[in-house]
Amino acid sequence: MKIKKLYSHPLSLYEIDLLHYTSTGSDKEYFADALILKAVDSNGISIFSASKKMDLLNLPRETLEKMYLEMFTNEIIRETLH
């Protein structure tokens, strides 16, 4: 699986709850679900879909964790006007 540099938008409270309630199997499942939910490329386009979950789960836990951390290190913050 060829992986681009990963970015994300910040997690909302709803998304945090969603991940905690749906990813009950293992750390690997949590990381995979978070990547499916939040990983985007530099243009904000989703990288993973639910159909790729098994491909992600076949990766080592350490790789998924590294991808997860990279994604949130490279958060894309949208400016809001007040």
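Everything discussed here concerns the structure shown above.
Read on for a plain summary of the structure.

Some remarks on the overall build of the protein chain
For step 1, the next point in the chain: Scanning the protein chain for helices and strands turns up four helices and zero strands.
For step 2, the next point in the chain: Taken from N to C terminus, the helices and strands of the protein chain fall in the order α-α-α-α.
For step 3, the next point in the chain: Relative to the globule expectation of 12 Å for 82 residues, the C-alpha radius of gyration of the protein chain, 13 Å, shows essentially globular dimensions.
For step 4, the next point in the chain: In terms of its C-alpha atoms, the protein chain occupies a principal-axis envelope of roughly 45 × 30 × 20 Å.

Digging into the environment of I16
For step 1, the next point in the chain: The topology assignment puts I16 in helix α1 (residues 13–22).
For step 2, the next point in the chain: A sequence separation of eleven residues divides I16 from D27, and the C-alpha atoms of the two residues are 14 Å apart.

As for the side chain of D33
For step 1, the next point in the chain: Of note, D33 is situated in helix α2 (residues 27–38).
For step 2, the next point in the chain: Overall, D33 belongs to the buried group, its relative accessible area being 12%.

Details of helix α4 (residues 61–73)
For step 1, the next point in the chain: Taking 1.5 Å of rise per residue, 13 residues should cover 18 Å, and α4 covers 18 Å from first to last C-alpha, within 8% of that figure.
For step 2, the next point in the chain: Every buried residue belonging to α4 is among L64, M67, Y68, M71 and F72, and all of these are buried. Buried residues along α4 cover an arc of 125° about the axis, so they all sit on one side. Across from the buried face of α4, at angles greater than 90 degrees, the exposed residues are E62, K66 and T73.
For step 3, the next point in the chain: Against the buried residues of α4 lie α2 and α3 (53–57).

Thoughts on the nonpolar core
For step 1, the next point in the chain: The biggest cluster of nonpolar side chains holds 17 residues, and the ones touching the most others in it are L35, F48, L56, M67 and M71.
For step 2, the next point in the chain: With six residues, the top contributor of residues to this core is α2.
For step 3, the next point in the chain: Look past the residues within four positions of L35 in its chain and what remains in contact with it is L6, F48, L56, L64, M67, Y68 and M71.

Here's the deal with a nonpolar patch on the surface
For step 1, the next point in the chain: A cluster of nonpolar residues, Y14, L18 and L37, forms a patch on the protein surface that exposes about 280 Å² of accessible area.
For step 2, the next point in the chain: We classify L18 as partly exposed; its relative accessible area is 30%.

What counts as what
The residue numbers shown here count from 1 along each chain, following its written sequence. Given that this is a predicted model, residues contribute local features only at a pLDDT of at least 70 and side-chain atom pairs are listed and counted only at 80 or more, while totals for whole chains, interfaces and linings are drawn from all residues. The side-chain values count all of the structure's non-hydrogen atoms but skip hydrogen atoms and water molecules. Only runs of H or I of at least four residues qualify as helices and only runs of E of at least two qualify as strands under DSSP, and these elements are numbered from the N terminus. It is over C-alpha atoms that the radius of gyration is taken, and the globule rule equals 2.2 Å times the number of residues to the power 0.38. Residue burial is assigned from relative accessible area. The probe radius is 1.4 Å, only protein chains are included, and a residue is buried under 20% of its type maximum, exposed over 50%, and partly exposed in between. Helix span, as expected, comes to 1.5 Å for every residue beyond the first. The directions from the helix axis to the C-beta atoms form the arc being described. A contact between two residues is defined here by any heavy atoms of the two lying within 4.5 Å. Residue types Ala, Val, Leu, Ile, Met, Phe, Trp, Tyr and Cys, when buried and joined through side-chain atoms within 4.5 Å, form a set referred to as a nonpolar core. Exposure above 30% relative accessible area and the lack of any salt bridge qualify a residue for a patch; like charges then connect within 9 Å, and the nonpolar side chains Val, Leu, Ile, Met, Phe, Trp and Tyr within 5 Å. Computed by Shrake-Rupley with a 1.4 Å probe, the accessible areas treat only the displayed protein chains as cover when residues are assessed. Whenever Lys or Arg places a side-chain nitrogen within 4 Å of a carboxyl oxygen from Asp or Glu, that contact is recorded as a salt bridge.

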